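Residues per chain are reported as follows:
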Amino acid sequence: MHILITGAAGDVGARLRKLFKGVYPQIRVSDIRKPADLGAGEEFVAADLADYGQVEKITAGIDGIVHLGGYSVEGPWEMILKSNIVGCYNLFEAAYRAGVKRVVFASSNHAVGFYPREQKIGVNVTVRPDSRYGVSKAFGEALGALYADKHGLRVTCIRIGNVNDKPLDKRRLSIWIKPEDLAQLIRIGLEHPDIRFEIFYGASDNEAAWWDNSNAHRFGYRPQGRSEDFRAEAMAEQAKLPPDPISDRYQGGPFCSDEYDADRKK
Ligand code: 15L
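Residues numbered from 1 in each chain as written. Predicted model: local features only at pLDDT ≥ 70, side-chain atom pairs only at ≥ 80, totals over all residues. Heavy atoms only, no water.

## Section: the overall build of the chain
1) Next: Assigned secondary structure in the chain consists of 10 helices and 9 strands.
2) Next: The C-alpha atoms of the chain give a radius of gyration of 18 Å, which matches the 18 Å a tight globule of 266 residues would have.
3) Next: For the chain, the spread of C-alpha atoms along the principal axes amounts to about 50 × 40 × 35 Å.
4) Next: Considering the chain as a whole, with its 266 residues, one finds that 53% of them fall into the buried category.
5) Next: The contacts in the chain between residues at least 6 apart in sequence include a share of 67% that link residues at least 24 apart.
6) Next: Carbon and sulfur atoms form 52% of the exposed surface of the chain, whose accessible area is close to 12000 Å². (Helix = DSSP H or I, 4+ residues; strand = E, 2+ residues; numbered from the N terminus. Rg over C-alpha atoms; globule rule 2.2 N^0.38 Å. Buried < 20%, exposed > 50% of the residue type's maximum accessible area, 1.4 Å probe, protein only. Contact = heavy atoms within 4.5 Å. Areas by Shrake-Rupley, 256 points an atom, 1.4 Å probe, with all protein chains shown as cover.)

## A few points about the environment of G220
1) Next: Secondary-structure assignment places G220 in the loop between α7 (214-218) and α8 (231-238).
2) Next: Residue classification places G220 among the partly exposed residues on the basis of a relative accessible area of 37%.
3) Next: Sequence-distant contacts of G220, defined by excluding residues within four places in its chain, comprise Q184 and I188.

## So, the site of the ligand
1) Next: The full set of residues close to the ligand is S72, V73, S108, N109, H110, Y133, G161, N162, R171, R172, I175 and F255.
2) Next: Between S72 and the ligand, the recorded distance is 2.6 Å, taken from a backbone N or O atom to an oxygen atom.
3) Next: For the ligand, an oxygen atom lies 2.7 Å from a polar atom in the side chain of Y133.
4) Next: Per-element tally for the shell around the ligand: the top contributor is helix α5 (residues 170-175), with 3 residues.
5) Next: In terms of residue class, the shell around the ligand is built from 4 nonpolar, 6 polar and 2 charged. (Near = heavy atom within 4 Å. Polar contact = N/O pair within 3.5 Å; in protein donor to acceptor, adjacent residues only side chain to side chain. Nonpolar A, V, L, I, M, F, W, Y, C, P; charged D, E, K, R; others polar.)

## Considerations on a nonpolar patch on the surface
1) Next: A grouping of W77, L81 and V86 is seen on the molecular surface, where their side chains present a nonpolar patch of about 230 Å² in accessible area.
2) Next: On the secondary structure map, V86 appears in helix α3 (residues 77-98).
3) Next: V86 sits in the partly exposed class, given a relative accessible area of 32%. (Patch = residues over 30% accessible without salt bridge, like charges linked within 9 Å, V, L, I, M, F, W, Y side chains within 5 Å. Salt bridge = Lys/Arg side-chain N within 4 Å of Asp/Glu carboxyl O.)

## Some remarks on helix α1 (residues 11-20)
1) Next: Looking at α1, one finds that the buried residues are G13, A14, R15, L16, R17 and F20.
2) Next: Along its buried surface, α1 packs onto β1 (3-6), β2 (27-30), β3 (42-44), β7 (162-163) and α6 (179-191).

## Here we look at the sheet that holds strand β4 (residues 64-67)
1) Next: Pairing within the open sheet is parallel, and its 7 strands lie in the order β3-β2-β1-β4-β5-β6-β9. Lying at the two open borders of the sheet, with one neighbouring strand each, are β3 and β9 (197-202). When the angles between neighbouring strand axes are averaged without regard to direction, this sheet yields 20°.
2) Next: The pairing of strand β5 (residues 102-108) with strand β6 (residues 154-160) spans 7 bridges and is parallel. Residue pairing for β6: R102 is matched across the bridge by R154.
3) Next: Most of the contacts of helix α2 (residues 52-59) go to β2, to which it runs at about 160°, and overall it touches β1, β2 and β4.
4) Next: Each of β1, β4, β5, β6 and β9 is contacted by α6, which is oriented at about 145° to β5, the strand it contacts most. (Pairing = 2+ DSSP bridges. Axes fitted to C-alpha atoms, helices over the stretch in contact; angles between N-to-C directions.)

## Topic: the state of the cysteines
1) Next: Counted according to the given criterion, the structure contains 0 disulfides.
2) Next: No disulfide involves C88; its sulfur sits 8.5 Å from that of C157, the nearest cysteine.
3) Next: Overall, C157 belongs to the buried group, its relative accessible area being 0%. (Disulfide = S-S within 2.5 Å.)

## With respect to the packing of α1 against α6
1) Next: Here α1 crosses α6 at 70°, and the two axes come no closer than 10 Å. Classed by the angle they form, the pair α1 and α6 counts as roughly perpendicular. Within the contact between the two elements, α1 uses V12, R15, L16, L19 and F20 and α6 uses P179, E180, L182, A183, I186 and R187.
2) Next: A class-by-class count of the residues in the contact of α1 with α6 yields 8 nonpolar, no polar and 3 charged. (Parallel < 35°, antiparallel > 145°, perpendicular 65-115°, else oblique.)

## Describing the pattern of salt bridges
One side chain can pair with another of opposite charge once the charged atoms of both are near each other.
1) Next: This model, assessed by the stated rule, comprises 17 salt bridges.
2) Next: Here the salt bridges share partners, and the residues they tie into one network are D11, R15 and D165.

## Topic: the nonpolar core
1) Next: Within the largest apolar cluster, 31 residues are counted, with the highest numbers of intra-cluster contacts made by I65, F92, V103 and W211.
2) Next: With 5 residues, α3 is the single largest residue contributor to this core.
3) Next: Excluding residues within four positions of it along the chain, F92 makes contact with V103, F105, G140, L143, G144, Y147, L153 and V155.
4) Next: V66, I160, I177 and I188 belong to the second largest nonpolar core, which has 27 residues in total. (Core = buried A, V, L, I, M, F, W, Y, C linked by side-chain atoms within 4.5 Å.)

Spelled out as structure tokens, the structure:
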């Protein structure tokens, strides 16, 4: 299987490329800038996702795409529009035209960030984005559904929590994902024979989870990371942060309180 990873120079891209070494012998990696640590078996092709012609070049001859590319936090509308709306459209359209079989889309918890922390949510809830960034991830999920239903692309959207070696604070005890667990979810998206259009939560085996990830488990997901193993450290880090009533109320945390109307912060 010849795979393409977009956004390959970013932190998550770099971690995944290491984990996929030996799993997928032929990997095309793409980003605007060349990753510093390019290894044997990795072919780099630069592309700006907002330029359809460049996206056509990176998708040619590919079987499966891991789409991490785009703007990965909240940003100005022009930036989100170019990288995450136009860029994501170009990616799905070019993938379909090139005959790519599968796309794994890096969605985000911020597509549903305005659900309160006390509510456990599954994958079938209405999107409640907490930012322009979150809206762009909901858009990507909708595009994925369209290309799956209309054109038969096999699409997996992973609403990723926070990818790191360990959970960084109280919120991350609920949403943390160990890089190896994310790699496992992506492999399900690229390889499982029954994928048509699926949404998974990108979270490890977290006791404090806000998400019902039974859909991923149905496809064989067996996370290895347990955020509870890091509770003391994460809570010590949390104690250093100032209280923020909006951030603390909602799953999306600071993405919710950012730009929140001051007179509504009660
Ligand atoms: C995300 O979607 C971001 O890409 C990442 O940088 C983190 O901010 C993460 O969410 C999070 O919610 O912690």
